[in-house]
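A look at the structure
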Protein chains: 2
Amino acid sequence: MNGTLRRRYVILAEGRLHEAKTAHGVLRYGKDEVVAVLDSTLAGKTAGGVMPGLLTDPGRDAPVVATLSEALAHSPTSILVGVAPAGGRLPGEWMETLRGAAEAGLEIVGGLHQRLAPEFPGANVWDVREPPAEVPIFSGEGFGVAPKVALTVGTDAAIGKMTATLEVEREARRAGLSTGFVPTGQTGVIIAGWGVCVDAVVSDFVAGVSEMLVLQAAKSSPDLILVEGQGALSHPAYSGVTLGLLHGSCPDCLILCVSPEDGPGYAGVPRPSPARAARLYEEVAALVKPAPVVAISANTKGLTDKEADAFVERISTETGLPTADPFRDSAKPILEAAMRS
Amino acid sequence: MNGTLRRRYVILAEGRLHEAKTAHGVLRYGKDEVVAVLDSTLAGKTAGGVMPGLLTDPGRDAPVVATLSEALAHSPTSILVGVAPAGGRLPGEWMETLRGAAEAGLEIVGGLHQRLAPEFPGANVWDVREPPAEVPIFSGEGFGVAPKVALTVGTDAAIGKMTATLEVEREARRAGLSTGFVPTGQTGVIIAGWGVCVDAVVSDFVAGVSEMLVLQAAKSSPDLILVEGQGALSHPAYSGVTLGLLHGSCPDCLILCVSPEDGPGYAGVPRPSPARAARLYEEVAALVKPAPVVAISANTKGLTDKEADAFVERISTETGLPTADPFRDSAKPILEAAMRS
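Residues numbered from 1 in each chain as written. Chains lettered and ligands numbered in written order. Predicted model: local features only at pLDDT ≥ 70, side-chain atom pairs only at ≥ 80, totals over all residues. Heavy atoms only, no water.

1. Observations concerning the UniProt feature "domain: D-glutamate N-acetyltransferase-like C-terminal" (unreviewed entry) in chain A
- If you check UniProt for "domain: D-glutamate N-acetyltransferase-like C-terminal" (unreviewed entry), the listed places come out as residues 137-335 of chain A in our numbering.
- Helix makes up 38% of residues 137-335 of chain A and strand 15%, with an end-to-end C-alpha separation of 31 Å. (UniProt positions renumbered as here; feature names shortened; annotations may be inferred. Helix = DSSP H or I, 4+ residues; strand = E, 2+ residues; numbered from the N terminus.)

If you want it as structure tokens, here you go:
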């Protein structure tokens, strides 16, 4: 699909709209329109009604429908698999729905490890995790990018880096700045309609692909480029992806994403404190190009307002950095810190 | 080819035996035998004669021959492409030689980015850089490995990590210890006859593959497992590979490889000092599992003996760590530091 055309999505989220993070991301942030959500268990409601607080713009709401033929009445161009199947592979019923959608001429869009193109020969399929055929080695050209580049990093994976990045971008646009959002994971790529899932790239090329994406975003000379981070420097399975992106994207500053979770993380490995993580990100970045941590993005999901305020206050004191939950409150303190740096 | 069979290699190094690093590695360290080297410009000599100091065991020397038919007289099982072609793709003459070798029943072995299997349909081809079809995500099982695990790291890529690893392994065997060498790059894999080129693996799986390799090496319960490092934490193009391997292989201690080179490194990025690099490797490793840098391996290639001694002395003073050039001198100080840790 031509990058300048807008998609009109029907999102397949059967039985699981509540937890369908890709669907939520596209509904809240997507450049494309969602015309219907397919979840027979919630049919008759709307996405915004099912998930209060998700949509800041009521114009982005979409009806939840029970069947593909109801969805087709809303003239979608594309069907998006909006949840990862529990067993890893798509259940037979979903395959039937996708086949029906393909027969109706819809593009099939999936961000799964399981590639869909081989399952639907002849159909128009966008496997979002499929890396480009040609990927470059890091060259250093990224050092010369003119716009300011900010990258989100975290004390853990799945801590809200994409959300923080998109909320800061939104705040920047509200403030009249021009922005470039660099998507590096499947939901980010679907939201923006371009980008690369850097964790699906052969490891030799992660830095090169990250650099390439920033160079692409710099072409329009925006005031601020916001790069979606991946994994964490302290995550034993994904730290290599994180570092390839950190060095390859040549950021000028970092936004550290944290959450109140403690106890052991992945494989029993403890999460570093925000202060320790901030120091180490800076030291490791500086091996290639200095990039101070300028602000903390706190994910206070699940806390009461009072608890959230206390958490934000504590992290700000511990780190000496502007701290905010850009989803619950405002991304303004983070944006201002990035632009000051 | 069955892992328990020994290969008998003819090495294709036409016109470039002097710079054929893979050939040198297999001649000096390989578990398999080299029966001939193909380089018409040096025909009539022997590999050891052409490269004085390469072979410590004269029994490993091999004749240099001019033609494939001369090489076939030495009953090879396999032909190894021992140099990377200048232009990236194999020249037509080499292809002819390989085709002849395949017709004579030889296995073709290549460690290039360019895969050879598609070029020689029907032939027995080992594309060393081809990752296994199934690669795991890091699980944490590596934390429970019983033998001591040492990993080589460096202040730059291509600084002699593989050589240091193999020299320490050799010294350990001389000292009566049982060892496991974990190969993570093409030459290491060809030398050992097993392993994975971790930089050719999709980035999500680098830590998992590294863990898997260490678990395999641990099966025979050796006294010491030596993991070949890749890249450098400070290398802008390959740092992600380095960190995935550092966290995934769960080392107990690190051996830092340094060289006297200064001036800008890759893409103009300066190399960190050995002391700074040692501190940062330790801090970053400790995010997942503590692993002190116990010794420095100094690559003094190109220096006089006097210069080399001065360099080793200086690095030892700067870092406060046992320092040696295991190739020029002895790997004993490094081995002892690793076993003490």
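Additional details are given in the paragraphs that follow.
2. Topic: the sheet that holds strand 11 (residues 293-298) of chain A
Residue and element names in this part refer to chain A.
- Strand order in the open sheet formed by 6 strands is 8-9-7-10-11-12, with parallel pairing between adjacent strands. Unpaired on one side and paired on the other, strand 8 (179-182) and strand 12 (323-324) mark the two borders of the sheet.
- The sheet contact formed by strand 11 and strand 12 spans 2 bridges and is parallel. Within strand 12, the residue paired with Ile-296 across the bridge is Thr-323.
- Relative to strand 9 (residues 224-227), helix 7 (residues 206-218) is tilted by about 150°, and along the sheet it contacts strand 7 (148-154), strand 8 and strand 9.
- Against the sheet, helix 11 (residues 332-340) engages strand 7, strand 9, strand 10 (253-258), strand 11 and strand 12, with an angle of about 165° to strand 11. (Pairing = 2+ DSSP bridges. Contact = heavy atoms within 4.5 Å. Axes fitted to C-alpha atoms, helices over the stretch in contact; angles between N-to-C directions.)

3. Things to note about the interface of chain B and chain A
- Contacts between chain B and chain A engage 41 residues on the former and 41 residues on the latter.
- With its nearest N and O atoms 3.9 Å apart, the salt bridge here joins Arg129(B) to Asp204(A).
- Elements with a contribution of two residues or more to the side of chain B that touches chain A: helix 7 (206-218), helix 8 (239-248) and helix 9 (274-286) of chain B.
- Residue composition of the side of chain B that touches chain A, by class: 25 nonpolar, 10 polar and 6 charged. (Salt bridge = Lys/Arg side-chain N within 4 Å of Asp/Glu carboxyl O. Nonpolar A, V, L, I, M, F, W, Y, C, P; charged D, E, K, R; others polar.)

4. A look at the nonpolar core
- Formed by 82 residues in total, the largest nonpolar core has its most connected members in Ile225(A), Leu256(A), Tyr281(A), Ile225(B), Leu256(B) and Tyr281(B).
- When sequence neighbours within four positions are dropped, the list of residues in contact with Leu256(B) reads Val153(B), Gly154(B), Thr155(B), Pro274(B), Ala277(B), Ala278(B), Tyr281(B), Val293(B), Ala295(B), Ile296(B) and Ser297(B). (Core = buried A, V, L, I, M, F, W, Y, C linked by side-chain atoms within 4.5 Å. Buried < 20%, exposed > 50% of the residue type's maximum accessible area, 1.4 Å probe, protein only.)

5. Some words on the domain arrangement of chain A
Residues and elements named next belong to chain A.
- You can read the domains of chain A as domain 1 (8-127) and domain 2 (141-340).
- With centres defined by C-alpha atoms, the gap from domain 1 to domain 2 works out at 27 Å.
- Listed as interface residues are 16 residues of domain 1 and, on the opposing side, 12 residues of domain 2.
- In total, domain 1 and domain 2 occlude about 1,200 Å² of area from one another, counting both sides; carbon and sulfur atoms represent 61% of this.
- Connecting domain 1 to domain 2 are 1 salt bridge. (Domains from an automatic or database assignment. Buried area = accessible area lost by both parts, 1.4 Å probe.)

6. As for the pattern of salt bridges
- Scanning the entire structure with this criterion turns up 36 salt bridges over all chains.
- Between Arg8(B) and Glu33(B) there is a salt bridge, with the nearest N and O atoms lying 3.4 Å from each other. Linking Arg8(B) in strand 1 (residues 8-12) with Glu33(B) in strand 2 (residues 33-38), this pair joins segments that are 25 residues apart in sequence.
- As a salt-bridge pair, Lys31(B) and Asp32(B) come within 3.2 Å of each other at their nearest N and O atoms.
- Shared partners join several salt bridges into a network, and the residues in it are Arg279(A), Glu283(A), Arg279(B) and Glu283(B).

7. Thoughts on the packing of helix 7 of chain A against helix 8 (residues 239-248) of chain A
Residues and elements named next belong to chain A.
- One way to put it is that helix 7 packs onto helix 8 with a least axis distance of 7 Å and a crossing angle of 45°. Taken together, the axes of helix 7 and helix 8 are oblique relative to one another. Seen along the crossing, helix 7 lies across helix 8 with a hand that is right-handed. Here Val-206, Ala-207, Ser-210 and Glu-211 of helix 7 come into contact with helix 8, specifically with Val-241, Gly-244, Leu-245 and Gly-248.
- Within the contact of helix 7 with helix 8, the residues separate by chemical class into 4 nonpolar, 3 polar and 1 charged. (Parallel < 35°, antiparallel > 145°, perpendicular 65-115°, else oblique. Left-handed = near helix turned anticlockwise from the far one by under 90°.)

8. Remarks on helix 8 of chain B
- With 10 of its 10 residues buried, helix 8 of chain B lies for the most part within the structure.
- The inward-facing, buried residues of helix 8 of chain B contact helix 8 of chain A together with strand 7 (148-154), helix 7, strand 9 (224-227), strand 10 (253-258) and helix 9 of chain B.
- Just beyond helix 8 of chain B, the residue with positive phi is Cys250(B), at close to 50°.

9. A short note on the packing of helix 5 (residues 161-174) of chain A against helix 11 of chain A
Residue and element names in this part refer to chain A.
- Where helix 5 meets helix 11, the closest approach of the two axes is 9 Å, and the angle between their N-to-C directions is 75°. The angle between helix 5 and helix 11 falls in the class roughly perpendicular. Contacts between helix 5 and helix 11 involve Val-168, Glu-171 and Ala-172 on the former and, on the latter, Lys-332, Ile-334 and Leu-335.
- Residues that form the contact of helix 5 with helix 11 fall into these classes: 4 nonpolar, no polar and 2 charged.

10. Quick word on the environment of Arg279(B)
Residues and elements named next belong to chain B.
- Mapped onto the elements, Arg-279 comes out in helix 9.
- Exposure remark for Arg-279: the relative accessible area of 37% places this residue in the partly exposed category.
- Note: C-alpha distance between Arg-279 and Thr-319 (40 residues apart in sequence) is 9.5 Å.

11. A few points about the packing of aromatic side chains
Residue and element names in this part refer to chain A.
- One pass over the structure, following the stated rule, counts 2 aromatic pairs over all chains.
- Each ring, one from Phe-138 and one from Phe-143, has its centre 5.6 Å from the other, and the planes form 70°; the classification is edge-to-face.
- Among the residues examined, Phe-138 registers a relative accessible area of 0% and is labelled buried.
- For Phe-143, a relative accessible area of 28% translates into the label partly exposed. (Phe/Tyr/Trp six-rings, centres within 6.5 Å; stacked < 30°, edge-to-face > 60°.)

12. A look at the relation of the copies chain B and chain A
- For these two chains of identical sequence, chain B goes onto chain A by a turn of 180° and a shift of 0.0 Å along the axis, with RMSD 0.0 Å. The transformation just described matches what one would write down for a two-fold rotation axis.
- Interface residue correspondence from chain B to chain A reaches 100%, placing this contact among same-surface, isologous pairings. (Least-squares fit on C-alpha atoms with pLDDT ≥ 70 in both.)

13. Brief notes about the side chain of Ser203(B)
- Looking at the element boundaries, Ser203(B) is found in the loop between helix 6 (186-192) and helix 7.
- A polar contact is formed between the side chain of Ser203(B) and the backbone oxygen of Val198(A), at a distance of 3.0 Å. (Polar contact = N/O pair within 3.5 Å; in protein donor to acceptor, adjacent residues only side chain to side chain.)

14. Comments concerning the state of the cysteines
All names here are of chain A.
- Applying the stated rule across the entire model yields 0 disulfides over all chains.
- Free of any disulfide, Cys-257 has its nearest neighbouring cysteine sulfur in Cys-253, separated by 12 Å.
- Given the relative accessible area of 1%, Cys-257 is considered buried. (Disulfide = S-S within 2.5 Å.)

15. With respect to unusual backbone geometry
Residue and element names in this part refer to chain B.
- A positive phi angle is found at Ser-75, which is not glycine, with a value near 55°.
- For Ser-75, a relative accessible area of 45% gives the class partly exposed.
- Positive phi is not limited to glycine here, since Ser-221 has a value of about 50°.
- As for its position among the elements, Ser-221 is in the loop between helix 7 and strand 9.

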